[in-house]
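Observations on the three-dimensional arrangement
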Amino acid sequence: MSTTRAKPKKPTLKVTPSSRVMNVSTSGVLRVNHSSTYARSINASVSRKSFSLAADSKILDKSSVQTPKHTVQVFDENGKDVTPQPLYQPDPAAVMSKHSKIFASDTSGGTMSDFYSTAYQTTTNASFAGPFTRSVFGSSTVSRGSQSTMESMNEEIEDPSSKRDISISLSDVQVRREEVKELIKEEMLDDVVDRYLIESETLWLLHMPAVSVSVDSEEAESVKERNNLYMELCKNRMGNDKYVERSMQTFNGAPKTKEVQSEAITMVDAATTATTWDMYDSFRSAGLGEAALSPDTDKASVPEIVSNHRLDPTRAPERTMSVISTTSIASASSSRIEIEPFVVPSEDEPDPELVLQSEKFQQDLFVMERIILENIYQPKLAAYRQLPTLEDPDSVPKVVPTVVSRREESSLDEESTLTPALERLWSFSCELTSGHNVSSMAWNKRNPDLLAVGYGQFDFKDQKSGLICCWSLKNPTWPERVFTCESGVTTLDFSASNASQLAVGMHDGSIATYNVESREKTPVIDSSDCAHKHTSPVWQVRWIDHERGASGEDKGETLISVSADGRISKWFLRKGLDCIDLMKLKRTRNEKDKKQVGDKEKKSEALISRQAPGLCFDFHPTDSNIYIAGTEEGHIHKCSCSYNEQFLETYIAHKGPLYRITWSPFCSDVFLSCSSDWTIQLWRQDLFTPVLGFTSTQSAVYDVMWSPKWATVFGAVNEGRVEIWDLGASIQHFHHALVPLPSLDPTIVSLASPGVKLTSLLFATETDCILVGDSDGQVSIYQLKNLTVGEGTQVAALEDIIGSTLASQL
Amino acid sequence: MAEVEETLKRIQGQKGVQGIIIVNAEGIPIKTTLDNSSTVQYAGLIHQLVMKARTTVRDIDPQNDLTFLRVRSKKNEIMIAPDKDYFLIVIQNPSD
């Protein structure tokens with residue numbers, strides 16, 4: 001039989017010339033070894049069981065057999081030489097002289113490769129190779145001779161010594177295979193080598209003769225006869241003397257137990273968890289593009305990626321050393337990642353101190369503090385924000401419920417909650433602020449939870465260094481920012497355009513602006529270098545938004561201040577902070593007094609200054625050109641930005657310094673003023689006498705403020721109490737009686753703690769709460785409860801009241 | 001550093017705060033105001049809980065991450081701020 005696959009056989013043909021060379025090279029070695037085992041030993045691994053090799057019978061010397069060399073070439077359809085290289089390339093420089101011995105020219109390639117392959121498997125045991133070689137050779141010769149009997153195989157067996165040598169030398173040859181092959185490759189790359197295809201000899205791999213013969217064959221008779229003979233034999237065997245049964249006993253060798261001990265194979269359990277985020281992390285660390293990071297791509301490429309995450313047993317579970325070996329990734333980034341073992345380095349242990357100092361830790365602490373405080377203050381804050389408060393179901397119920405929500409009114413509290421009252425929620429205070437007098441408070445224009453409080457003494461004696469604290473509603477126990485100033489802070493205001501800018505006026509006349517966003521403790525600008533700075537305490541600063549630029553100046557916010565040196569100044573940034581005077585508050589003498597105090601006046605002409613100290617001012621809510629200012633004399637001047645020489649109007653009613661003057665946010669010609677003469681006056685800008693006056697106690701009223709929600713409500717704080725006045729409520733009775741009003745009563749009164757004076761008042765914009773600052777450094781939050789004012793902003797009501805009051809006065 | 005100390009002191013002084021524990025990434029407490037056995041117990045148990053919580057969050061969306069964890073129980077509340085280098089644990093009983 002001939003193999004049909006010619007191709008694999010080709011290279012071997014090529015080998016034939018070299019095989020001869022090999023022959024030559026090995027022949028030298030031939031004489032050395034004379035292994036005696038070649039004859040009979042058949043290696044078990046040899047599958048050619050059928051071969052029973054006779055001894056040296058009929059060893060053919062093949063030296064005579066010389067067939068011309070055949071080289072085999074394989075070309076594929078492109079004409080490229082794709083001849084498989086032989087496994088063994090002997091040194092081509094070797095002389096090719098004797099062609100004897102082993103390999104006939106028409107040794108099939110299969111035999112050659114078989115030989116080689118088996119030879120490589122061999123050790124240097126010649127005996128092993130011996131039968132092999134014979135079998136191989138035998139097969140080759142068989143094919144040639146077209147004889148399939150074993151005898152023919154044996155006949156062709158050649159010189160055993162040569163075979164032995166070859167087998168031995170093959171192991172050496174094996175070593176040289178690589179380099180020889182290399183040489184040939186390089187040389188022959190460009191050569192056109194001729195290859196010839198011929199049919200190879202038949203290879204007998206296994207021959208099992210049949211055990212049965214067909215009836216029709218010629219051997220049938222002989223076989224039958226033989227069978228019959230055998231049957232006779234078996235029959236005769238029973239009683240025949242020729243056959244005797246005998247049993248034998250063999251000595252069994254004494255068994256010996258032999259124990260072998262080996263080291264235990266250490267097993268390590270490796271667990272991997274491939275979670276979605278783990279893969280995402282690994283991808284990110286491997287520097288993939290953004291496309292691969294999307295969760296969709298992750299999921300899509302999951303089956304194609306082989307990633308092993310080995311949990312490092314020595315570290316905490318979340319630190320995994322990821323070893324990614326990606327074989328194929330079907331995603332946009334596939335081209336970039338070839339097979340690369342990738343290890344995510346786990347970081348060194350950060351020093352515990354570093355942990356404590358890190359930014360993230362501070363941030364976390366900050367958040368944690370707020371959360372703890374939220375837990376503590378939750379009912380109060382909820383009341384502030386007018387949310388229903390949640391009762392803690394697990395907390396031990398106290399005897400007196402401390403928080404009563406507006407909506408939940410139990411029968412017990414029904415009476416007490418009907419009257420308007422102030423309920424104290426909490427207070428902003430800490431050890432830093434204790435002992436300081438609260439002089440002013442201002443809400444941040446952008447963040448309604450941020451409050452700036454200025455601390456400073458009003459009197460000129462016991463002046464301490466001033467303090468500014470920015471409090472957040474989320475942390476009533478510690479301010480977010482603390483700025484210390486050289487002198488007491490008397491006023492402050494947040495800018496509306498630049499929400500983090502805070503303007504501060506101080507007792508020594510200097511003005512500074514701070515940036516509350518940064519953590520710096522120093523002001524952004526300071527007016528101490530300004531030539532025209534105020535020489536007396538600045539009593540009020542305000543950021544005013546000019547809609548119409550006056551005298552060609554650009555629009556925007558400007559800082560206006562009033563101080564005790566009688567000037568109202570407008571500040572701007574030119575090369576440093578500089579100011580121009582909007583108005584100088586001249587002392588105006590009352591006409592009436594003038595006549596009466598005739599000569600004495602001359603004496604009293606010796607004034608310290610011609611200017612009246614200004615204490616407060618307020619710009620008109622809609623017309624930013626008009627403003628009113630109050631002085632220490634008790635006069636209110638209405639001025640305009642366009643005229644800085646003269647007042648437009650003067651309102652005289654108060655007998656003492658005016659502490660606060662404020663336009664109503666709803667009715668544009670109504671304003672309130674309060675002074676140390678124990679009164680609060682309600683004015684209308686076209687009337688020179690106040691419309692209404694309010695007195696409650698005999699103490700100076702330090703602060704008054706309109707409610708931002710209702711036109712008829714305002715709050716006032718005097719030394720001992722905070723009062724909420726609701727004109728609509730208290731005037732009801734008066735309205736019908738048409739009697740000139742005596743003194744009205746405030747709707748809500750709340751007393752200060754003993755020993756503490758209340759100094760400032762601020763309404764909260766969104767909620768019904770007020771903030772009251774006192775001389776001990778506390779800013780208390782009170783909630784207005786049950787203040788039923790009615791629907792809407794009550795503008796009409798206010799106007800009604802004013803109208804009716806005026807009518808009644810006529 | 002001083003600010004951190006101050007803040008920690010303030011937190012410790014707040015109403016109802018029972019203890020503060022700062023644990024590093026391996027689960028070893030760096031700073032604590034509780035006794036040793038409680039600290040170790042808290043550290044170990046909370047570590048596992050945070051790992052589970054974080055895995056949960058990230059399995060749902062790998063681009064997300066856990067920032068804060070609060071466990072409210074009958075007697076107190078445990079607040080945990082996890083990070084890759086540390087855990088900040090505060091136990092508070094707000095109704096005290």
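Anything mentioned here points back to the structure above.
Summarised in this report is the structure supplied together with it. (Residues numbered from 1 in each chain as written. Chains lettered and ligands numbered in written order. Predicted model: local features only at pLDDT ≥ 70, side-chain atom pairs only at ≥ 80, totals over all residues. Heavy atoms only, no water.)

**What to know about the overall build of chain A**
Each helix and strand in chain A was counted, giving 16 helices and 31 strands. The proportion of buried residues among the 810 residues of chain A is 46%. Relative to all contacts within chain A whose residues are 6 or more apart in sequence, the contacts with residues 24 or more apart total 59%. When the accessible surface of chain A is split by element, carbon and sulfur atoms take 53% of a total near 43,400 Å². (Helix = DSSP H or I, 4+ residues; strand = E, 2+ residues; numbered from the N terminus. Buried < 20%, exposed > 50% of the residue type's maximum accessible area, 1.4 Å probe, protein only. Contact = heavy atoms within 4.5 Å. Areas by Shrake-Rupley, 256 points an atom, 1.4 Å probe, with all protein chains shown as cover.)

**What about the interface of chain A and chain B?**
Between chain A and chain B, the residue contacts involve 40 residues of the former and 43 residues of the latter. Inspection of the chain A/chain B interface yields five salt bridges. Residues A:R519 and B:E3 are paired through a salt bridge, measuring 4.0 Å at the closest nitrogen-oxygen approach. Secondary-structure elements contributing two or more residues to the side of chain A that touches chain B are α7 (276-285), α10 (352-357) and α11 (359-384) of chain A. When residues of the side of chain A that touches chain B are assigned to their parent elements, the largest contribution, 14 residues, is made by α11(A). Across the side of chain A that touches chain B, the residue classes tally to 18 nonpolar, eight polar and 14 charged. (Salt bridge = Lys/Arg side-chain N within 4 Å of Asp/Glu carboxyl O. Nonpolar A, V, L, I, M, F, W, Y, C, P; charged D, E, K, R; others polar.)

**So, the sheet that holds strand β28 (residues 748-751) of chain A**
Residues and elements named next belong to chain A. Here four strands make up an open sheet; going across it, the order is β25-β26-β27-β28 and the pairing antiparallel. Each edge of the open sheet carries a strand with a single partner, namely β25 (701-706) and β28. Neighbour to neighbour, the strand axes of the sheet diverge by 15° on average, direction disregarded. Bridge analysis of strand β27 (residues 721-726) against β28 gives four bridges, and the strand direction is antiparallel. (Pairing = 2+ DSSP bridges. Axes fitted to C-alpha atoms, helices over the stretch in contact; angles between N-to-C directions.)

**A closer look at the packing of aromatic side chains**
Residue and element names in this part refer to chain A. Applying the stated criterion across every chain yields a total of 17 aromatic pairs over all chains. Between W706 and F714 the ring centres are 5.8 Å apart and the planes differ by 70°, which places this aromatic pair in the edge-to-face class. The exposure class assigned to W706 is buried, which follows from its relative accessible area of 3%. Residue class for F714 comes out buried when judged on its relative accessible area of 0%. (Phe/Tyr/Trp six-rings, centres within 6.5 Å; stacked < 30°, edge-to-face > 60°.)

**What about the sheet that holds strand β7 (residues 466-472) of chain A?**
Residue and element names in this part refer to chain A. Strand order in the open sheet formed by four strands is β5-β6-β7-β8, with antiparallel pairing between adjacent strands. Looking along the sheet, the strands with just one partner apiece sit at the ends: β5 (438-443) and β8 (481-485). For this sheet, the mean angle separating the axes of adjacent strands, direction not counted, is 15°. Where β5 meets strand β6 (residues 450-455), five bridges bridge the pair, whose relative direction is antiparallel. Its bridge partner being in β6, V438 is matched across the sheet by Y455.

**Regarding the pairing of β7(A)**
Residue and element names in this part refer to chain A. For β7, the buried fraction is high: seven of the seven residues fall into the buried class. Taking every second residue as pointing to the same face, both faces of β7 are buried, with G466, I468, C470 and S472 on one and L467, C469 and W471 on the other. Strand direction decides the pairing type here: β6 and β7, joined by six bridges, are antiparallel. Within the sheet, the bridge partner assigned to L451 lies in β7 and is W471. One ladder, built from five bridges, connects β7 with β8; its direction is antiparallel. Considered in β8, the bridge of C470 is made with R481.

**So, the nonpolar core**
Residue and element names in this part refer to chain A. Y384, W426, L451 and L771 are the most contacted members of the largest nonpolar core, which totals 46 residues. For this core, the leading source of residues is α11, giving eleven residues. Once residues lying within four places of it in the same chain are set aside, the contact partners of Y384 are L425, W426, W443, L473, A764, T767, C769 and I781. Listed in part, the 21 residues of the second largest apolar core include L692, V704, A711 and L798. (Core = buried A, V, L, I, M, F, W, Y, C linked by side-chain atoms within 4.5 Å.)

**Notes on a nonpolar patch on the surface**
Among the surface-exposed residues, A:L205, A:L206 and A:M208 lie close enough to one another that they form a single nonpolar patch of about 340 Å² accessible area. Mapped onto the elements, A:M208 comes out in the loop between α5 (160-188) and α6 (219-237). (Patch = residues over 30% accessible without salt bridge, like charges linked within 9 Å, V, L, I, M, F, W, Y side chains within 5 Å.)

**Topic: the packing of α11(A) against helix α1 (residues 2-13) of chain B**
Put simply, α11(A) and α1(B) touch, their axes get as near as 10 Å, and they point 20° apart. One finds that α11(A) runs roughly parallel with respect to α1(B). Handedness of the crossing formed by α11(A) with α1(B): left-handed. Along its contact with α11(A), which presents A:F361, A:Q362, A:L365, A:M368, A:E369 and A:I372, the element α1(B) presents B:V4, B:T7, B:L8, B:R10 and B:I11. Residues that form the contact of α11(A) with α1(B) fall into these classes: seven nonpolar, two polar and two charged. (Parallel < 35°, antiparallel > 145°, perpendicular 65-115°, else oblique. Left-handed = near helix turned anticlockwise from the far one by under 90°.)

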